[in-house]
Amino acid sequence: MLILAFESSCDETSVSVVENGTKILCNLIQSQVLMHNKTGGIVPEVAAREHLKIISQLTDQALNVAGVQIESIDYIAATIGPGLPGALMVGFSYARSMAFATKKPFIPVDHIEGHIYANWLEGNMPILPAVALVVSGGHTELIYMDSASNFKRIGGTRDDAAGEAFDKVSRMLGAGYPGGPAIAALANEAKKFDIELPRAWLPGTHDFSFSGLKTAVLNLKNKFPNLPVEEIAWSFQESVVDVLISKTITLLNELNVQSVLLAGGVASNSRLREVAKTKIKIPVFIPSPKLCTDNAAMIAAAAFRHKDDFIDPCSLIDIYSTMNRGDLLIDKN
Ligand code: KG4
Ligand code: ZN
């Protein structure tokens, strides 16, 4: 069963062909990072235009690399949200039109769910029920998942997402965009490890907060302008990783689950991966780094689990209302 999937929620245009929800035949990702580096962050209008420039050509290439004709594709899927509206609309409308023209069933996919399902690619078969820690540029969520379609959001960030904090601190330290890999690279170069930055524990909740940490970095930088940025980056990364993993463990102590799933761009962080594997005492699944950041293979993996919920691409129904995912993660408004 072949799914052709599209992802365009932010600054990556991606087209993928995946067999039976697990085997990646191709996963092409065209990043706009060089474009957004010039502005130190994403300009939504520019992102949408860049998707539009590349999507048709990328689709032809993807089918070529996968070695399949469009006729052999069984379903077409695309991210419906959450994400930048203009950027989403490009991939979603392109995919839906393609499904209409080729008379294929169409599957709308929640982006966060896509990140979680990246854990089913590359031959992995995580055991449910599970707790998923989704950490990306727009989200920091603790989610209980007991079946392919039943998600319950237990906690989330009250201000910045973890990836957003990496991006903003990177900008403060003059380390560039995207901030996650830049901060991780700086932290690796640290020679001294005695800066202690705060952790927001928000006791009695499963929520997160990273805005105080961000301000603490700014204050530290202003007060001690000669502090090596590598040491600040190391301390910042330690603080984020410590809070993410400690709060996940607190939740695990309250629930009876079989595994932990890490997902989202920040899950490609080596320190987070290492601490998760050493501190969490039940199986931890983490996609390979290139499948943690936005890609269309993860959208195909999620679509496979929802293939019975496909829609007729030319129908005028409210697409959101057809998606039933328990405590649905996307913003229906
Ligand atoms: O999941 P993703 O590709 O896009 C969203 O859905 O937001 O995540 C992007 C985020 C960015 O904030 C980026 O800085 C962060 O993931 N990121 C990292 C690393 N690689 C990407 N954060 C920490 N360490 C990394 N190695
Ligand atoms: Zn994402």
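These numbers were taken from a predicted model, which means no experiment stands behind them. (Residues numbered from 1 in each chain as written. Chains lettered and ligands numbered in written order. Predicted model: local features only at pLDDT ≥ 70, side-chain atom pairs only at ≥ 80, totals over all residues. Heavy atoms only, no water.)

### Some remarks on the coordination of the zinc ion (ligand 2)
Here the zinc ion (ligand 2) is held by the protein donor atoms H111 (NE2), H115 (NE2) and D294 (OD), which lie 2.0 to 2.1 Å from it. Here the donor residues of the zinc ion (ligand 2) share one chain and are spaced in sequence as H-x3-H-x178-D. With H111 in helix α4 (residues 111-117) and D294 in the loop between α10 (289-292) and α11 (296-305), this pair connects stretches of sequence that are 183 residues apart. Of the two residues examined, H111 and D294, each falls in the buried class. (Donors = N, O, S within 2.8 Å, 3.2 Å for Na, K, Ca; no water. Helix = DSSP H or I, 4+ residues; strand = E, 2+ residues; numbered from the N terminus. Buried < 20%, exposed > 50% of the residue type's maximum accessible area, 1.4 Å probe, protein only.)

### Considering the pattern of salt bridges
Using the criterion set out here, one finds eleven salt bridges in the structure. Linking K168 and E164 is a salt bridge whose minimum nitrogen-to-oxygen distance equals 2.9 Å. You can see K168 and its partner E164 sitting in helix α5 (residues 162-172), four residues apart, about one turn around the helix. Residue E164 is classed as partly exposed on the basis of its relative accessible area of 25%. Where E238 meets R271, a salt bridge forms, and the shortest distance between an N and an O atom there is 2.7 Å. Highlighted residues: E238 in helix α8 (residues 229-252) and R271 in helix α9 (residues 270-279), separated in sequence by 33 residues. Judged by relative accessible area, R271 falls into the partly exposed class, the value being 27%. (Salt bridge = Lys/Arg side-chain N within 4 Å of Asp/Glu carboxyl O.)

### Some thoughts on the sheet that holds strand β10 (residues 284-285)
One open sheet holds the five strands; their spatial order is β8-β7-β6-β9-β10, and the pairing between them is mixed. The strands lining the two open edges of the sheet, one partner per strand, are β8 (150-156) and β10. Relative to strand β9 (residues 259-263), strand β6 (residues 130-135) is paired through five bridges, and the arrangement is parallel. Within β9, the position partnered with L133 by the bridge is L262. (Pairing = 2+ DSSP bridges.)

### Notes on the nonpolar core
Formed by 44 residues in total, the largest nonpolar core has its most connected members in F236, L244 and L262. When residues of this core are traced back to their parent elements, those giving at least two are β6, α5, α6 (179-188), α7 (211-223), α8, β9 and α9. A per-element tally of this core places α8 first, with eleven residues. The residues contacting L262, other than those within four sequence positions of it, are N119, L133, A267, L272, A276, V284, F285, I286 and P287. If you look at the next biggest cluster of nonpolar residues, it comprises 32 residues, including V134, M145, A296 and A300. (Core = buried A, V, L, I, M, F, W, Y, C linked by side-chain atoms within 4.5 Å. Contact = heavy atoms within 4.5 Å.)

### Notes on the sheet that holds strand β4 (residues 75-81)
Pairing is mixed across the open sheet formed by five strands, whose spatial order is β3-β2-β1-β4-β5. Two strands close off the open sheet at either side, each with one partner strand: β3 (23-31) and β5 (106-110). On average, adjacent strands in this sheet sit at an angle of 20° to one another, irrespective of strand direction. In this structure, strand β2 (residues 12-19) lies alongside β3, joined through eight bridges in antiparallel fashion. Note that in β3 the partner of T13 across the bridge is Q30. Sheet strands in contact with helix α2 (residues 44-66) are β1 (2-7), β2 and β3, and its direction is about 25° off that of β2. Helix α3 (residues 85-102) rests against β1, β4 and β5 of the sheet, and its axis sits at about 155° to β4. (Axes fitted to C-alpha atoms, helices over the stretch in contact; angles between N-to-C directions.)

### A closer look at the site of ligand 1
Around ligand 1, 20 residues are found, and the nearest of them are H115, G137, D167, G180 and G265. A distance of 3.1 Å is found between an oxygen atom of ligand 1 and a backbone nitrogen or oxygen belonging to G163. Relative to its unbound accessible area of 560 Å², ligand 1 is 88% covered by the protein chains. A molecule is said to occupy a pocket when more than half its atoms come within 2 Å of that pocket's grid points, and by this definition ligand 1 occupies the largest pocket. Contributions of two or more residues to the shell around ligand 1 are made by α4, α5 and α6. Shared between two domains, the shell around ligand 1 takes at least three residues from each, and those domains are domain 1 (2-117 + 291-309) and domain 2 (127-286). (Near = heavy atom within 4 Å. Polar contact = N/O pair within 3.5 Å; in protein donor to acceptor, adjacent residues only side chain to side chain. Areas by Shrake-Rupley, 256 points an atom, 1.4 Å probe, with all protein chains shown as cover. 1 Å grid on protein atoms, 1.4 Å probe; cavity = no way out; pocket = protein on both sides within 12 Å on 5 of 7 lines; lining within 4 Å. Sits in = over half its atoms within 2 Å of the grid points. Domains from an automatic or database assignment.)

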